[in-house]
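Listed below are the residues making up each chain.
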Amino acid sequence: MSTTELDVPRPAGRPRSIEADRAILRAAVDLLADEGYGGVTMEGVAARAGVGKATVYRRWASKSALVVDAICACREHGAQVPDTGSARQDLLLYVRAFMDHLRTSDAARVMPALVAELARSPELATAFRDGLVQPRRARVLEVVRRGVDRGEVRAGADPEVIADAVVALLMHRFLVTGMDIDDGLPERVLEVLWRGIAAG
């Protein structure tokens, strides 16, 4: 992801340089990916971003606040819930997009460091869930509920469980087993999942 793709949080009432914000968030993401949460310092971020330490502190009062915004900057940009007219196809497209996100995005680079820190930092855990996990789950829930309304997904299916199941295997492979996330995996995941949720 280039710096121009970062979703820069902009608190109201404080004029600031978008370029400096992006450089700082980029530096925070890079340090988080390279060094882990413990290796992120305000001084290190400032040096890597090419700005003064005071510039960082004017925008973020603490390391945790900066990392929270850096996490949120890693989410997908402009991602819309697909609506092909088929819930199965919509879910397949979603899983493919998530797979690409894991393979190519800054979220994938920082995720191992974040997961290791979640139990120790409630603030980071909240940011990770609110900024990355919940928006993604909400898109899956919308697809599932559309499928129920259309009679494609059985009415008794639990949308929350489906939302977790859609990405659980990919995340397990990415973070735990290290198994290959190959191009055919989304179709195989959906084949198994659809058997359990399809109406009729």
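Residues numbered from 1 in each chain as written. Predicted model: local features only at pLDDT ≥ 70, side-chain atom pairs only at ≥ 80, totals over all residues. Heavy atoms only, no water.

### Considerations on a nonpolar patch on the surface
Spelled out, the test is: Residues form patches when they are more than 30% accessible in relative terms and have no salt bridge. Like charges link within 9 Å. Nonpolar side chains (Val, Leu, Ile, Met, Phe, Trp, Tyr) link within 5 Å. Each accessible area is a Shrake-Rupley estimate made with a 1.4 Å probe; only the visible protein chains count as cover when residues are assessed. Criterion for a salt bridge: a side-chain nitrogen of Lys or Arg within 4 Å of a carboxyl oxygen of Asp or Glu. Helix numbers and strand numbers start at the N terminus; a helix is a DSSP run of H or I with at least 4 residues, a strand a run of E with at least 2. For every residue, the accessible area obtained with a 1.4 Å probe (protein chains only) is divided by the maximum for its type, and the residue is called buried under 20%, exposed over 50%, and partly exposed between those limits.
Among the surface-exposed residues, Val115, Leu175 and Val176 lie close enough to one another that they form a single nonpolar patch of about 230 Å² accessible area. Topologically, Val176 is positioned in helix H8 (residues 159-177). Accessibility expressed as a relative area gives 57% for Val176, which makes it exposed.

### Section: the packing of aromatic side chains
Filter applied, for reference: Here the aromatic set is Phe, Tyr and Trp, taking the six-membered ring for Trp, and pairing holds for ring centres within 6.5 Å; pairs whose planes are under 30 degrees apart are stacked, those over 60 apart are edge-to-face, and all others are tilted. Only Lys NZ and Arg CZ are tested; either one counts as a charge over a ring when it is within 6 Å of the ring centre and within 35 degrees of the ring normal.
This model, assessed by the stated rule, comprises 0 aromatic pairs. Across the ring face of Tyr37, the terminal group of Lys63 is positioned such that the distance to the ring centre comes to 4.1 Å.

### What about the confidence of the model for the protein chain?
Spelled out, the test is: pLDDT runs from 0 to 100 and stands for how confident the predictor is about each residue. Working rule for contacts: check all heavy atoms of both residues, and any pair within 4.5 Å makes them a contact.
Chain-level statistics for the protein chain give a pLDDT mean of 84 and a share of 89% at 70 or above. When the elements of the protein chain are averaged for pLDDT, helix H6 (residues 106-118) gives the smallest value, 82, and helix H2 (residues 42-49) the largest, 96. Per-residue pLDDT stays below 50 along residues 1-5; that stretch engages in 12 contacts with residues further than four places along the chain or on separate chains.

### Considering the nonpolar core
Put simply, the rule reads: Residues belong to one nonpolar core when they are buried, are Ala, Val, Leu, Ile, Met, Phe, Trp, Tyr or Cys, and are joined through side-chain atoms within 4.5 Å.
Of all hydrophobic cores here, the largest spans 61 residues; its most connected members are Leu32, Val45, Leu66, Leu91, Val166, Leu170 and Ile197. Elements that contribute at least two residues to this core include exactly helix H1 (18-35), H2, helix H4 (63-72), helix H5 (87-104), H6, helix H7 (122-150), H8 and helix H9 (185-197). Per-element accounting of this core gives the leading share, 9 residues, to H7. Once you skip the residues sitting within four places of it in the chain, Val45 turns out to touch Ile24, Ala27, Ala28, Leu31, Val40 and Leu66.

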